[in-house]
Structure formats: structure tokens, C-alpha cells
Amino acid sequence: MTRSHKKPRSKAQMASAYREAGHAVAALDAGIMLMPVSIFANGPGAGRNVWNQALRNVDFEWVQGADSRSLVERLATVVMAGPVAQRAFASGEPQGAVCKKRVGEVKRLLKAIPGAGYAEAFERIENQLRRFFARRDVGHTVDALSRSLLLQGTLPGDDVVTIIERNLAPRR
């Protein structure tokens, strides 16, 4: 169910909208299925998106034995996209507990990859995301999705995909 609000949003809600939009744009770019996206909190200051559920069910022992480093790094990239997007687009809002939690989850995922230098992987992912969000089409897409989230509060996954595909330039 989509909720519509006409009152102005707080800085925290704007930061949440940018954070959740960042997760969603990076997820679709990584080929991860999108579920409903919301700026309404599960807890103080947290929005909802597909990885919030996925991370609750990650078996880190399985990750240590998994053959697919790229799969784990792709998930880590999507998780890290929220804090990076919030920093890039809602710079007036300080990084709160939600962003710190996401960064901790990324580090935990990367540490679970056998033989990987997690600090180097973390820095590489963060730099890739900074470049990704600096692209004009990606910035425009994050803005469009954030505005829709601020107006509606919650968007079904199909609506999120439509907004992203309408605004994001196709890969060459």
C-alpha cells in the first residue's frame, strides 16, 4: 500500500529518501531484484529496501565457503550504495546509525571472503560507487526516485524499476 503525504519532509526523511534511492539504483544496476522501497522506518531513521531483509538471512559461514566472490562483492556494493548516495546527495544530513550499520555490514561481508583484503575491497567499492553516483544520468535518477519516495513514502518494486529505467541511460 502506498501512502501519500503532502507535508514537507524533514532533513532525516530527505536523507533516507536519497539513501534508499541509492540502494535501489545500485541494486538494479547490479541485476538484483527490487522489492518495495520505503522511507518509513522499521526503526528510528531506517528506510526499507530489499537488502534489509536479505542481510538478516545471510549465513556468514556459507559466505566463507562460497565460490562466488563477485556475488558477495555485488551485495556489498548495493549495501554500501545507500551511505555513499546519502553522502553525495544529502550532504547536509549527518551520517547516522543507519549508515554506520550498513558500513559495518559491508565490512563483515567483505571479511567473510577467504583470502580477500577486505580494506582494499571496501575502498575499491566505495570509489566505484562515488564514480557511479557522479554520473549525470545516475544523479538524475537518484533525484527522481528520491522525489517520488518523498511524495509517496513507499513505492512498489515495479514503480521503482520504471522510474529508474526511465531516467537511467542504457549501458553502452
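Here, the structure is the one placed above.
Residues numbered from 1 in each chain as written. Predicted model: local features only at pLDDT ≥ 70, side-chain atom pairs only at ≥ 80, totals over all residues. Heavy atoms only, no water.

Caption draft 1: Inspection of the overall build of the protein at higher detail. A count of helical and extended segments in the protein gives eight helices and two strands. When the helices and strands of the protein are read in sequence order from the N terminus, they spell out α-β-α-α-α-α-α-α-β-α. By residue count, 48% of the 172 residues in the protein fall in the buried class. The contacts of the protein with a sequence gap of at least 6 include a subset with a gap of at least 24, amounting to 73%. (Helix = DSSP H or I, 4+ residues; strand = E, 2+ residues; numbered from the N terminus. Buried < 20%, exposed > 50% of the residue type's maximum accessible area, 1.4 Å probe, protein only. Contact = heavy atoms within 4.5 Å.)

Caption draft 2: Representation of the nonpolar core. Counting 40 residues, the largest nonpolar core has Met 80, Leu 110, Leu 129, Phe 133 and Leu 145 as its most contacted members. For this core, the secondary structure elements donating two or more residues are α1 (11–29), α4 (69–89), α5 (97–111), α6 (118–134), α7 (136–152) and α8 (157–167). Ranked by residue count, the leading element in this core is α4, at eight residues. (Core = buried A, V, L, I, M, F, W, Y, C linked by side-chain atoms within 4.5 Å.)

Caption draft 3: Spatial organisation of the packing of aromatic side chains. Counted according to the given criterion, the structure contains three aromatic pairs. Where Tyr 18 meets Phe 89, the ring centres are 5.7 Å apart and the plane angle is 20°; that geometry is what we call stacked. Linking Tyr 18 in helix α1 with Phe 89 in helix α4, this pair joins segments that are 71 residues apart in sequence. Looking at Tyr 18, the relative accessible area reads 16%, which means it is buried. (Phe/Tyr/Trp six-rings, centres within 6.5 Å; stacked < 30°, edge-to-face > 60°.)

Caption draft 4: Looking closely at the packing of α7 against α8. Two numbers describe how α7 lies on α8: the axes approach to 9 Å, and their chain directions differ by 150°. Classified by chirality, the crossing of α8 by α7 is right-handed. Residues Asp 137, His 140, Thr 141, Ala 144, Leu 145 and Ser 148 of α7 form the contact with α8, whose own contacting residues are Val 160, Ile 163, Ile 164 and Asn 167. Its residues assigned to classes, the contact of α7 with α8 comprises five nonpolar, four polar and one charged. (Axes fitted to C-alpha atoms, helices over the stretch in contact; angles between N-to-C directions. Left-handed = near helix turned anticlockwise from the far one by under 90°. Nonpolar A, V, L, I, M, F, W, Y, C, P; charged D, E, K, R; others polar.)

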